[in-house]
Each structure stands twice: as structure tokens, then as C-alpha cells.
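# Structural features, examined
If you want the building blocks of each chain, they are given just below.
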Amino acid sequence: MNPQETEFVFGRMSGISRFIYDMLGSSTVTGDMDYTLAGYVLFAIVFLMSALVYKLGFAKKLKIYQSIIIYTFLFLGCLVLTFLAFFLPIVEGLIVAALILIIYRVRRMNEYKGEETDSIA
């Protein structure tokens, strides 16, 4: 890919994707641009953030084989999300969703502790 095409693609990438590809895209050994590792890192981030959002917001107690099936389909779905994450703010949206669910979980735990101390007193 020539430098003009590379610059055009980098200009259209979402923020975190561009950051990952800037940091991990250059190869110091050959001097060529190798984006393979950056693609795997982007996939890993999308998968881990999706698993975190699932666990915080939607997970229930399941049997181990049911959990394996859920996470297998989550893994396959993250392949599609990774392709979208190049040009759409998928990772950023997952971060926001995780933060909202963390805040919700902390507030819910605080309310539960408040009800527990009220019932004791």
C-alpha cells in the first residue's frame, strides 16, 4: 500500500484503533509496516471488553458447558465487531458501556448494604 492510501485509511480510523495501529504497526527489524500484531491486539481488546460488558450486565449463573457455548459465540461475534472497530468507535462504545455498568453495579451494592444495615438496626 502506498503512503497516500495508508494516510487516508489512518485518517478514517477510530481513535483507539488508530492508536493501536500507530503503536504496534511498525516493525523495527525490517523497517516495513506489519499490522498483524495490531490486528490481534484490537481483536483481544474487543473480545475482553465485550466479555466484561456481558459479565457486568447480562451474565447469570450457568452451567460450565452453557458458559462455554456463550463465550464461543461471543468470540465469533467479536470477529465481526473487530472488522467494524477499524472505522467505527466500537471499542470506545464498549468502554462507555462498561463504565456505566460498573457505576450501576457499585450503586446497587451500596443500596444493598444500606438496606442490610437498616434491617439490623
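Residues numbered from 1 in each chain as written. Predicted model: local features only at pLDDT ≥ 70, side-chain atom pairs only at ≥ 80, totals over all residues. Heavy atoms only, no water.

Going by the annotation in an unreviewed UniProt entry, the name recorded for the protein is YlaH-like protein, with Sporosarcina pasteurii given as the source organism.

You can see Thr 82 is positioned in helix α4 (residues 64-85). What Thr 82 contacts, discounting residues up to four positions off in sequence, is Leu 42, Phe 43 and Val 46. (Helix = DSSP H or I, 4+ residues; strand = E, 2+ residues; numbered from the N terminus. Contact = heavy atoms within 4.5 Å.)

Along the polypeptide, Ser 50 turns up in helix α3 (residues 36-57). Setting aside chain neighbours within four positions, we find Ser 50 in contact with Leu 74, Cys 78, Leu 81 and Leu 94.

To continue, consider the packing of aromatic side chains. Summed over all chains, the structure comprises six aromatic pairs. Arranged with centres 5.6 Å apart and planes meeting at 90°, the rings of Tyr 54 and Tyr 71 form a pair that is edge-to-face. Of this pair, Tyr 54 sits in helix α3 while Tyr 71 is found in helix α4, placing the two residues 17 residues apart along the sequence. Centre to centre, the rings of Phe 83 and Phe 86 are 6.4 Å apart; their planes meet at 55°, and the pair counts as tilted. (Phe/Tyr/Trp six-rings, centres within 6.5 Å; stacked < 30°, edge-to-face > 60°.)

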